[in-house]
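Chain by chain, the residues run as shown.
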Amino acid sequence: MYLQEEQQKTYEENGFLLLDNLFSQDQIETITTKLSTNSWEGKPGNVLEEDGGTLRAIHEDPTETGLLDKISKHALIVEPAMQILGSQVYIHQLKINFKAAFNGDLWPWHQDYIYWQQEDGMPTPRAVNVMIFLEEVNEFNGPLYIIPGSHKQGVITSLQRTEEDSADPEAPEWISSFQSNLKYTTPEETVSELVKELGIEAPKGKPGSALFFHPNCVHGSTNNISPFSRKIAIITYNSVENIPITVGNPRPDFLVGRDYQAIKPLPNQALIV
Ligand code: SIN
Ligand code: MN
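Residues numbered from 1 in each chain as written. Chains lettered and ligands numbered in written order. Predicted model: local features only at pLDDT ≥ 70, side-chain atom pairs only at ≥ 80, totals over all residues. Heavy atoms only, no water.

Student: Please explain the coordination of the manganese ion (ligand 2) as it appears in this structure.
Tutor: Angles between donor atoms at a metal ideally measure 109.5 degrees for a four-coordinate tetrahedral arrangement and either 90 or 180 degrees for a six-coordinate octahedral one. Within the protein, the manganese ion (ligand 2) binds to His110 (NE2), Asp112 (OD) and His219 (NE2); these donor distances fall in the range 2.2 Å. In primary-sequence terms, the residues that donate to the manganese ion (ligand 2) follow H-x1-D-x106-H. Taken as a pair, Asp112 in the loop between strand E5 (107-110) and helix H4 (113-120) and His219 in strand E11 (residues 219-221) lie far apart in primary sequence, 107 residues in all. (Donors = N, O, S within 2.8 Å, 3.2 Å for Na, K, Ca; no water. Helix = DSSP H or I, 4+ residues; strand = E, 2+ residues; numbered from the N terminus.)

Listed below in structure tokens is the structure:
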């Protein structure tokens, strides 16, 4: 499925595009049902909330068969991703953020590309995130806040968290890119200035909706005090013309896809699990 010209323009202008009900609720249910069997338990890419008990996120190695294996190769999202990036694509990262009812914690204001640049050696932000709503995202359960047009600022000087700020000095280094106390965040002053000029949006929708967003868009989300959990998957596609350079301290394979072969999209009618 390819985007219409108008949709492409919206993405270019705002740095994001919401496609309502891209997948059917039945299709999405096959993923959430599988998730509820706890098949993810004990995996090395799991991240807990600061309370030490609530699951915050899971990460899948894109070279292995996992829950997001099929959906991440589906033409409904791969083709728009190829169109946005102007090339064939491969998967850089696959994750599910749980944002649990009552206990799901926040994501501070940040940009994504700085992580892939600094930690993974990605040369340019020629990548795109696709956030697939696995449950309804509404005004109560911590939707993503995003500043439209902020991707045009490029990489903004970030605040960088140090080892000493870490809640758990025993935790592996990679965790600092996924906890509520994030490694690189956008300073409050910058957020205030950007929001004054550009505003904030909070795309919401039914399960199966998909939000495409640019890795330099400033975004974050609040904690979830509602009784509704907010499970979403995020698939990050990188252009095959933007392969990372070698870095000194490579992050684990469950965070950084290293199969640079172009994805052959599965047909629109393909099953997703
Ligand atoms: C992210 O910024 O990668 C996730 C934000 C969220 O789950 O709300
Ligand atoms: Mn992010």
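Past the structure itself, the notes keep going.
Student: I tried to follow the packing of aromatic side chains on my own but got confused; where do I start?
Tutor: The geometry of two aromatic rings is summed up by the distance between their centres and the angle between their planes. On inspection of all chains with the given rule, the structure shows six aromatic pairs. Look at Trp174 and Phe254: their rings are 4.9 Å apart centre to centre, the planes differ by 75°, and that puts the pair in the edge-to-face class. In this pair, Trp174 is assigned in the loop between strand E8 (159-160) and strand E9 (184-185) and Phe254 in the segment after strand E12 (232-239), connecting sequence segments 80 residues apart. Look at Trp174 and you get buried, because its relative accessible area is 11%. Residue placement shows Arg56 over the ring face of Trp107; its charged tip is 3.9 Å from the ring centre. (Phe/Tyr/Trp six-rings, centres within 6.5 Å; stacked < 30°, edge-to-face > 60°. Buried < 20%, exposed > 50% of the residue type's maximum accessible area, 1.4 Å probe, protein only. Lys NZ or Arg CZ within 6 Å of the ring centre and 35° of its normal.)

Student: How should the sheet that holds E11 be read in this particular structure?
Tutor: The pairing of strands in a sheet happens through backbone hydrogen bonds and is either parallel or antiparallel. The antiparallel open sheet is built from three strands, whose spatial order is E5-E11-E7. Edge positions in the open sheet fall to E5 and strand E7 (144-146), since each of these has one partner strand only. Here the strands of the sheet are splayed against their neighbours by 20° on average, with no regard to which way each runs. In the sheet, E7 pairs with E11 via three bridges, with the strands oriented antiparallel. The residue bridging Ile146 from the neighbouring strand is His219, located in E11. (Pairing = 2+ DSSP bridges. Axes fitted to C-alpha atoms, helices over the stretch in contact; angles between N-to-C directions.)

Student: Honestly, the site of ligand 1 in this entry has me stumped. Any pointers?
Tutor: Every residue near ligand 1 is listed here: Lys95, Asn97, Trp107, His110, Leu144, His219, Ser221, Arg230, Ile232 and Ile234. Within the side chain of His110, an N or O atom sits 3.0 Å from an oxygen atom of ligand 1. One of the side-chain N or O atoms of Arg230 is found 2.7 Å from an oxygen atom in ligand 1. In the complex, the protein chains occlude 98% of the 260 Å² of accessible area that ligand 1 would expose alone. Of all the secondary-structure elements, those providing two or more residues to the shell around ligand 1 are strand E4 (89-97), E5, E11 and E12. Class assignment of the residues belonging to the shell around ligand 1 gives a composition of four nonpolar, four polar and two charged. (Near = heavy atom within 4 Å. Polar contact = N/O pair within 3.5 Å; in protein donor to acceptor, adjacent residues only side chain to side chain. Areas by Shrake-Rupley, 256 points an atom, 1.4 Å probe, with all protein chains shown as cover. Nonpolar A, V, L, I, M, F, W, Y, C, P; charged D, E, K, R; others polar.)

Student: Please explain the nonpolar core as it appears in this structure.
Tutor: The tendency in soluble globular proteins is for nonpolar side chains to be buried side by side. Membership of the largest hydrophobic core comes to 38 residues, with the highest contact counts inside it found for Phe23, Ile71, Ile77, Ile96, Ile132, Phe212 and Tyr237. Residue assignment for this core shows that the elements contributing at least two residues are strand E1 (16-19), helix H2 (25-35), strand E3 (55-60), helix H3 (75-85), E4, strand E6 (127-133), strand E10 (210-213) and E12. When residues in this core are grouped by element, the largest group, seven residues, is from H3. Residues Ile114, Tyr115, Met122 and Ala127 belong to the second largest nonpolar core, which totals 17 residues. (Core = buried A, V, L, I, M, F, W, Y, C linked by side-chain atoms within 4.5 Å.)

Student: In this structure, what is going on with H2? I would like to understand it.
Tutor: Structural remark: α-helix, 3.6 residues per turn; residues separated by three or four positions point the same way. All buried positions along H2 are accounted for by Ile28, Ile31, Thr32 and Leu35. Seen along its axis, H2 keeps its buried residues to an arc of 95°; they face one direction. Buried residues in H2 make contact with E3, E4 and E6. (Arc of directions from axis to C-beta. Contact = heavy atoms within 4.5 Å.)

Student: Could you clarify how one ought to interpret the sheet that holds E1 in this entry?
Tutor: Spatially, seven strands are ordered E1-E10-E6-E12-E4-E3-E2 in an open sheet, and the strand pairing comes out antiparallel. Only two strands of the sheet have a single neighbouring strand rather than two, namely E1 and strand E2 (47-48). Relative to E10, E6 is paired through four bridges, and the arrangement is antiparallel. Considered in E10, the bridge of Asn129 is made with Phe213. Most of the contacts of helix H1 (residues 5-14) go to E1, to which it runs at about 140°, and overall it touches E1, E6 and E10. Sheet strands touched by H3: E4, E6, E10 and E12. Its angle to E12, the strand with the most contacts, is close to 45°.

No statement about biological role is implied by the geometric values presented.
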